[in-house]
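Listed below are the residues making up each chain.
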Amino acid sequence: MRDTLVWTAVLAAWRGGAALAGCSAGAMSLTAHVPDIRHPLKGADPGLGVVPGLRVIPHFDRFLGWMPELVGRFLARAPEGTEVVGIDEDTALVWDHPDAPGSWTVHGRQSVWVLRTDGREPFGEGATVALPAPAP
């Protein structure tokens, strides 16, 4: 979608107040770079850049069982200043605070995890999480 008329129209609608959502790989694509989870030696592809300071691991609760080393790979390859989050299934991370640009809210039955080299912090339903804001 990057560099297409459709993406230009989507961005214009979003900047005009429409909702923009990404689920699973769609959530990953809204960031600046999208790593290939199944092929870890392959470099990341450019994302759509809506939230350039964020990296997303979708299906986080499942991936830890399938690929326990995944978190370390994501953290090691994230550029300086980039936040890495794991989003469990049946859970959403929503930017819905235009008056507080770096505030995101967790919705759903599981958790969003902020991942750092010294551990991970869970956030449940209704929690507000300070993360990079979408690009203007």
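Keep in mind that what you see is a predicted model, and the values were worked out from it rather than measured.

(A) Structural detail: the nonpolar core. Residues Val-50, Val-56, Val-85, Leu-93 and Leu-131 are the most contacted members of the largest nonpolar core, which totals 29 residues. Only helix 1 (5-15), helix 2 (25-29), strand 3 (54-58), helix 3 (60-66), strand 4 (83-87), strand 6 (103-108) and strand 7 (112-116) provide two or more residues apiece to this core. Ignoring sequence-local partners within four residues, the contact set of Val-85 consists of Leu-54, Arg-55, Val-56, Ile-57, Leu-93, Val-112, Trp-113, Val-114, Leu-115 and Leu-131.

(B) Inspection of the pattern of salt bridges at higher detail. Throughout the structure, instances matching the rule amount to 3 salt bridges. One salt bridge in this structure joins Glu-83 and Arg-116, with 3.3 Å as the shortest N-O distance. Of this pair, Glu-83 sits in strand 4 while Arg-116 sits in strand 7; the two residues are 33 residues apart in sequence, bridging distant segments of the chain. Of the residues examined, Arg-116 reaches a relative accessible area of 37% and is grouped as partly exposed.

(C) Highlighting the packing of aromatic side chains. If you walk through the whole model with that rule in mind, you get 1 aromatic pair. Both rings, one in Phe-60 and one in Trp-113, keep their centres 6.2 Å apart while their planes meet at 40°; by these two values the pair is tilted. Note that Phe-60 is positioned in helix 3 and Trp-113 in strand 7, a separation of 53 residues in sequence. Residues Phe-60 and Trp-113 agree in their burial class; the two are buried. Looking at Arg-120, its charged tip hangs above the ring of Trp-113, at a distance of 4.9 Å from the centre.

(D) Examining the sheet that holds strand 9 (residues 128-130) more closely. In spatial order, the strands read 5-6-9; together these 3 strands make up an open sheet with antiparallel pairing. Sheet topology places strand 5 (91-95) and strand 9 at the edges, where each strand pairs with a single neighbour. Across the sheet, the mean angle separating the axes of adjacent strands is 35° when strand polarity is ignored.

(E) Expanded view of the environment of Cys-23. In this structure, Cys-23 sits in the loop between helix 1 and helix 2. When the C-alpha positions of Cys-23 and Pro-58 are compared, they lie 7.9 Å apart, and in sequence the two are 35 residues distant.

(F) Summary view of unusual backbone geometry. The backbone of Asp-3 shows a phi angle near 65°, a positive value even though the residue is not glycine. In this structure, Asp-3 sits in the segment before helix 1. Despite not being glycine, Ser-24 has its phi angle at roughly 60°, a positive value. Mapped onto the fold, Ser-24 is located in the loop between helix 1 and helix 2. Judged by relative accessible area, Ser-24 falls into the partly exposed class, the value being 26%.

So, how was this worked out
One numbering rule holds for all chains: residues counted from 1, following each sequence as written. Two thresholds apply to this predicted model, a pLDDT of at least 70 for residue-level local features and 80 or more for giving and counting side-chain atom pairs, whereas whole-chain, interface and lining totals are computed over all residues. Values reported for side chains reflect all heavy atoms of the structure, with hydrogen atoms and water molecules removed beforehand. Side-chain atoms within 4.5 Å are what join buried Ala, Val, Leu, Ile, Met, Phe, Trp, Tyr and Cys residues into a set we call a nonpolar core. Between buried and exposed lies partly exposed: a residue is buried under 20% and exposed over 50% of the maximum accessible area for its type, with that area taken using a 1.4 Å probe on protein chains only. Where helices and strands are cited, they refer to DSSP runs of H or I of at least four residues and of E of at least two residues respectively, numbered from the N terminus. What makes two residues a contact is simply this: any of their non-hydrogen atoms within 4.5 Å. By convention in these notes, a salt bridge is any Lys or Arg side-chain nitrogen within 4 Å of a carboxyl oxygen on Asp or Glu. Geometry of aromatic contacts follows a simple scheme: Phe, Tyr and Trp rings, the Trp one being its six-membered ring, pair when their centres are within 6.5 Å, and the pair is stacked under 30 degrees between planes, edge-to-face over 60, tilted otherwise. In this scheme, Lys NZ or Arg CZ marks a charge over a ring once it lies within 6 Å of the ring centre and within 35 degrees of the ring normal. Any two strands between which DSSP finds at least two bridges are classified as paired. For helices, the fitted axis covers only the stretch in contact; all axes are lines through C-alpha atoms, and the angles between them, taken along N-to-C directions, range from 0 to 180 degrees.

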